[in-house]
Amino acid sequence: MLYATISLTAGEHQYPIHVGSDLLSDPALITPHIQGRRALLISNETVGPLFAPSIRRALEDVELDEYFLPDGEAFKTLDRVTDAVEHLIRGEHTRDTTIIALGGGVVGDTAGFTAAVYQRGVPFVQIPTTLLAQVDASVGGKTAVNHALGKNMIGAFYQPQAVLIDTDTLKSLPERERIAGVAEVIKHGVLADSGYFEWIEAHLDEILAQDPAVMSHAIARSCEIKSEVVADDEKEKGRRALLNLGHTFGHAIESALGYGEWLHGEAVGAGLVMAADLSMRMGMLAPADAVRIKRLVTRAGLPVMPPEGVRGQLRELMSRDKKASDAGLRLILVRRIGEAEVVESVPEALIADTIGIGEGLCAA
Ligand SMILES: NC(=O)c1ccc[n+]([C@@H]2O[C@H](COP(=O)([O-])OP(=O)(O)OC[C@H]3O[C@@H](n4cnc5c(N)ncnc54)[C@H](O)[C@@H]3O)[C@@H](O)[C@H]2O)c1
């Protein structure tokens, strides 16, 4: 059942994001976005076997080729893109082939980048199957793979033809992955919509229990918020940076621990609380609102503080984050729930306090 269709405009490109349940095998939603007679389904060894049969059924009239990656962030590499490109060349795929990305953010980013570079770009469709990918990674056209020296260092802005979000796919998702996705849902409320934040506070238990109607609403509202921001600033020259709320702290935690130790969403959970804490120390955010953010992140089952053992490294790693500009560290801070802003000069002593050496909200 289709719950909502959000239209995302990025420059000249406009595309639908369909959200609902039991959508995968509906030919009417996917067929219009397959440009030629042929498509390549890129997935991984975990997700492919679960959902490829539904897509095959929906695309009966399309010649559907498959390329499955091994599962894991470790395979989000240029080598795998080269391998997928080789698969396309050997299969004599032309520019009319549509690439379908079926999986979490790792598959979406890798398949999206492959679509961006194969013969200078072929159409692609995103079918995200993790909550994180449904509310974040599949929307907005950022594609990338990792380099040994840095995450997401090789990539392109490349928009899909459509995003198809079937909430039924979340049923097989491990609980820890689901909870990690909730961090990005909370982030959207904090940065853009206080009413949505309140709604999440009221419906968190249903979100965690995966109530289908509640999930559809959460995903649709998050996609709407992300779409509005991306429409304003596709290439992240300004406002799109707000979507990185919690991420400069989060990336530093992930990097200090070694990628994979904490899930991305877990690091974002702690990052959101740290951003709220720092905003409060800056005198921007009312303490009561900082506490509400921390309480919601805690209720979701996400971490709210960086692990003690890595705190000493975080400040240095924050400067290395790709979101840092030439001018220095830029942080996304919270003015009030529903409003975030970029702040360029934050006193070092306050950052140190927030990192956990201090005694404020994070440490409480
Ligand atoms: N492009 C963007 O804008 C953007 C935004 C945020 C994150 N990302 C990227 O996304 C990646 C993280 O994505 P993720 O959190 O989705 O992780 P992921 O893609 O690694 O998926 C997590 C795990 O869940 C499995 N899985 C996926 N769907 C499943 C399902 N329905 N049932 C059972 N298992 C399933 C996967 O095989 C994997 O083991 C990172 O590489 C990150 O850099 C990109």
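Throughout this document, residue positions are counted from 1 along each chain, in the order its sequence is written. Under the rules for a predicted model, residues below a pLDDT of 70 receive no local features and side-chain atom pairs below 80 are neither given nor counted, while totals for whole chains, interfaces and linings still include all residues. In computing side-chain values, all of the structure's heavy atoms are included and hydrogens and water are not.

Quick word on the overall build of the protein chain
Put simply, DSSP marks the helices as runs of H or I at least four residues long and the strands as runs of E at least two long, and each gets a number from the N terminus on. The secondary structure content of the protein chain amounts to 13 helices and eleven strands. Across its three principal axes, the protein chain shows a C-alpha extent of roughly 60 × 40 × 35 Å. Expressed as a percentage of its 364 residues, the buried residues of the protein chain come to 57%. Entry remark: accessible area of the protein chain is about 14,700 Å², with carbon and sulfur atoms responsible for 50%. His residues and chain termini do not enter the charge count, which takes Lys and Arg as positive and Asp and Glu as negative. Charged groups are reduced to one reference atom each: NZ for lysine, CZ for arginine, CG for aspartic acid, CD for glutamic acid. Side-chain charges in the protein chain split into 34 positive and 50 negative, and the spacing between the mean points of these groups amounts to 3 Å. For every residue, the accessible area (1.4 Å probe, protein chains only) is compared with the maximum for its type, and the residue is labelled buried under 20%, exposed over 50%, or partly exposed between those bounds. Every accessible area reported is derived by Shrake-Rupley at a probe size of 1.4 Å, with residue values counting cover from the shown protein chains alone.

So, the environment of Glu228
Residue position: Glu228 is located in helix 8 (residues 212-232). As for Glu228 and Thr354, which are separated by 126 residues in sequence, their C-alpha atoms are 30 Å apart. When checking whether two residues touch, look at their non-hydrogen atoms; a contact exists if any pair is within 4.5 Å. If near-sequence neighbours (up to four positions away) are discounted, Glu228 is found in contact with Arg221 and Arg239.

What to know about the domain arrangement of the protein chain
For the protein chain, the domain assignment lists domain 1 (2-171) and domain 2 (175-357). Domain borders in the structure are assigned automatically or taken from a domain database. Put simply, the middle of domain 1 and the middle of domain 2, counted by C-alpha atoms, are 26 Å apart. On the domain 2 side, the residues contacting the 27 residues of domain 1 number 30 residues. Buried area is understood as the total, over both parts, of accessible area removed when two parts are fitted together, assessed with a 1.4 Å probe. Together, the buried faces of domain 1 and domain 2 total about 2,500 Å²; carbon and sulfur atoms form 68% of this surface. Per-residue buried area on domain 1 facing domain 2 is highest for Leu131, Val135 and Phe157; these three make up 24% of the total on that side. Basic side-chain nitrogens of Lys or Arg form a salt bridge, by our definition, when they fall within 4 Å of a carboxyl oxygen of Asp or Glu. Inspection of the region where domain 1 meets domain 2 yields three salt bridges.

A closer look at the packing of aromatic side chains
When we look at a pair of aromatic rings, we describe it by the centre distance and by the angle of the planes. Ring geometry is summarised as follows: Phe, Tyr and Trp rings, the Trp one being its six-membered ring, pair when their centres sit within 6.5 Å, and such pairs are stacked at plane angles under 30 degrees, edge-to-face over 60 and tilted between the two. Enumeration over the complete set of coordinates arrives at two aromatic pairs. With 5.9 Å between their ring centres and 15° between their planes, Phe124 and Tyr158 make a pair best called stacked. In this pair, Phe124 sits in strand 6 (residues 124-128) while Tyr158 sits in the loop between strand 8 (150-157) and strand 9 (162-166), placing the two residues 34 residues apart along the sequence. A residue is classified by how much of its surface remains accessible, and Phe124, at 1% relative accessible area, is buried. The interplanar angle of 20° and the centroid separation of 6.0 Å between the aromatic rings of Tyr196 and Trp199 together place this pair among those described as stacked.

Concerning the nonpolar core
Nine residue types can take part in a nonpolar core, namely buried Ala, Val, Leu, Ile, Met, Phe, Trp, Tyr and Cys, and a core is a set of them joined through side-chain atoms within 4.5 Å. Ranked by size, the top nonpolar core spans 79 residues in total, and within it Ile17, Ile186, Ile200 and Leu331 carry the most contacts. Two domains share this core, each providing at least three of its residues, namely domain 1 (2-171) and domain 2 (175-357). In this view, Ile200 contacts Val185, Ile186, Gly189, Ile207 and Leu296; residues no more than four positions away in its chain are not counted.

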